[in-house]
Amino acid sequence: KYQDGFDYGDAKEMYSAYAKELYRFDQLYRLFCEHADACKAWNVLKVLREQIEAIYTNWYITNLGLTWGKFLEGGLLDAWSVSGIPNQYSFYTNTVKSRLGESDNRRVFVIISDAFRYEAAVELMGELNGKYRITADLTSQLGVLPSYTALGMASLLPHKTLTYDPKGSVLVDDKPSSSLEQRNAILRDIEGIALKADDFLSLKKEEGRDAVAGKKVVYIYHDAIDSIGDK
């Protein structure tokens, strides 16, 4: 089906195609690597792994990038939006604030897992819906440009403006936003708090309840995946 690459009429069509099926390339590649790493009979998979790596890196990633590049050159970069897809910088207003408005006693927990890919989120949703007494839904949003951690993290916080200081640090409504303490200061204005996932998980049940007592919004930052990638 895709042997000649990817061909879509516009960015929205390709965006939707990734959410529906193209993500499977990334998902299956990850699962193959995971199981190949655990395989003790390495020589059995050596040739196959070289072929998988070549297809994923030289064919899939390359063709995906070329197709997106065509849309960027066609004007997408000038007006960074895709019809019907929310932008990342509207996350707080669209997702968090709208939930808080449903009732006076509503509380929202936001777990931000740096470098957690869409294809992994699809898998997680399936596990949550299959094992636990909850209902998980999956939606997506158009990320920020340039796409890097400091700006992406800042765009998820409540804000009216995102700017830079002379040193290039991202400011949220003219406030610094890079450290956990600085994000706490921003969230404090909306009865919120920022926590590191490891610190929160290390608390006992009562300690955890006390940590978020009286808070309407709790942002939990999880960087295990990004940290592994860095190292």
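Residues numbered from 1 in each chain as written. Predicted model: local features only at pLDDT ≥ 70, side-chain atom pairs only at ≥ 80, totals over all residues. Heavy atoms only, no water.

Visitor: Could you clarify how one ought to interpret the pairing of strand E6 (residues 217-222) in this entry?
Guide: Side chains on a regular strand alternate between the two faces of the sheet. Of all six residues in E6, five are buried, a share of seventy percent or more. For strand E5 (residues 192-196) and E6, the ladder comprises five bridges, and the chain directions are parallel. Bridge pairing in E6 links leucine 195 to isoleucine 220. (Buried < 20%, exposed > 50% of the residue type's maximum accessible area, 1.4 Å probe, protein only. Helix = DSSP H or I, 4+ residues; strand = E, 2+ residues; numbered from the N terminus. Pairing = 2+ DSSP bridges.)

Visitor: Help me out: how do you make sense of the packing of aromatic side chains in this one?
Guide: Two aromatic rings are characterised by how far apart their centres lie and by the angle between their planes. On inspection of all chains with the given rule, the structure shows 13 aromatic pairs. Arranged with centres 6.2 Å apart and planes meeting at 80°, the rings of tryptophan 68 and phenylalanine 71 form a pair that is edge-to-face. Linking tryptophan 68 with phenylalanine 71, this pair stays in helix H2 (residues 42-76), spanning three residues, or about one helical turn. Judged by its relative accessible area of 24%, tryptophan 68 falls in the partly exposed class. Take phenylalanine 71: its relative accessible area is 9%, and that puts it in the buried class. (Phe/Tyr/Trp six-rings, centres within 6.5 Å; stacked < 30°, edge-to-face > 60°.)

Visitor: Would you mind showing me how to read a negative patch on the surface here?
Guide: On the surface, Asp198, Asp199, Asp223 and Asp230 cluster together into a patch of negative charge. Among the structural elements, aspartate 199 can be located in helix H7 (residues 197-201). We classify aspartate 199 as partly exposed; its relative accessible area is 46%. (Patch = residues over 30% accessible without salt bridge, like charges linked within 9 Å, V, L, I, M, F, W, Y side chains within 5 Å. Areas by Shrake-Rupley, 256 points an atom, 1.4 Å probe, with all protein chains shown as cover. Salt bridge = Lys/Arg side-chain N within 4 Å of Asp/Glu carboxyl O. Lys, Arg positive; Asp, Glu negative; His and termini not counted. Charge placed at Lys NZ, Arg CZ, Asp CG, Glu CD.)

Visitor: Quick question: what am I supposed to make of the state of the cysteines here?
Guide: One covalent bond between the sulfur atoms of two cysteine residues makes up a disulfide. Scanning all chains against the criterion turns up zero disulfides. Here cysteine 33 stays free of any disulfide, with the sulfur of cysteine 39 as its closest cysteine sulfur at 13 Å. Looking at cysteine 39, the relative accessible area reads 28%, which means it is partly exposed. (Disulfide = S-S within 2.5 Å.)

Visitor: Would you take a moment to explain the packing of helix H1 (residues 11-38) against helix H4 (residues 118-131) for this structure?
Guide: Each packed pair of helices is defined by two parameters, the angle between the axes and the distance between the axes. Contact geometry of H1 with H4 gives a least axis separation of 8 Å together with a crossing angle of 90°. Between H1 and H4, the angle falls in the class roughly perpendicular. Along the contact surface, H1 presents Tyr18, Ala19, Tyr23, Asp26, Gln27, Arg30 and Leu31, while H4 presents Tyr118, Glu119, Ala120, Val122 and Glu123. The residue makeup of the contact of H1 with H4, split by class, is seven nonpolar, one polar and four charged. (Axes fitted to C-alpha atoms, helices over the stretch in contact; angles between N-to-C directions. Parallel < 35°, antiparallel > 145°, perpendicular 65-115°, else oblique. Contact = heavy atoms within 4.5 Å. Nonpolar A, V, L, I, M, F, W, Y, C, P; charged D, E, K, R; others polar.)

Visitor: How should the sheet that holds E5 be read in this particular structure?
Guide: Taken together, the three strands give an open sheet; going across it, the order is E1-E6-E5, and neighbouring strands pair in parallel fashion. The sheet terminates laterally at strand E1 (108-113) and E5, the two strands that pair on one side only. Taking the axes of each pair of neighbouring strands and ignoring which way they run, one obtains an average angle of 20° across the sheet. Contacts from helix H6 (residues 180-188) reach E5 and E6, with the element oriented near 160° to E5.

Visitor: How should the pattern of salt bridges be read in this particular structure?
Guide: When the charged atoms of two side chains lie near each other, side chains of opposite charge can form a pair. In total, this model carries eleven salt bridges according to the counting rule given. A salt bridge links lysine 216 to glutamate 191, with the nearest nitrogen and oxygen atoms 3.8 Å apart. Remark: glutamate 191 occurs in the loop between H6 and E5 and lysine 216 occurs in the loop between helix H8 (205-211) and E6; sequence separation between them is 25 residues. A single salt-bridge network, built from bridges that share partners, covers Asp26, Arg30, Arg117, Glu119 and Glu123.

This is a description of form; function is not addressed.
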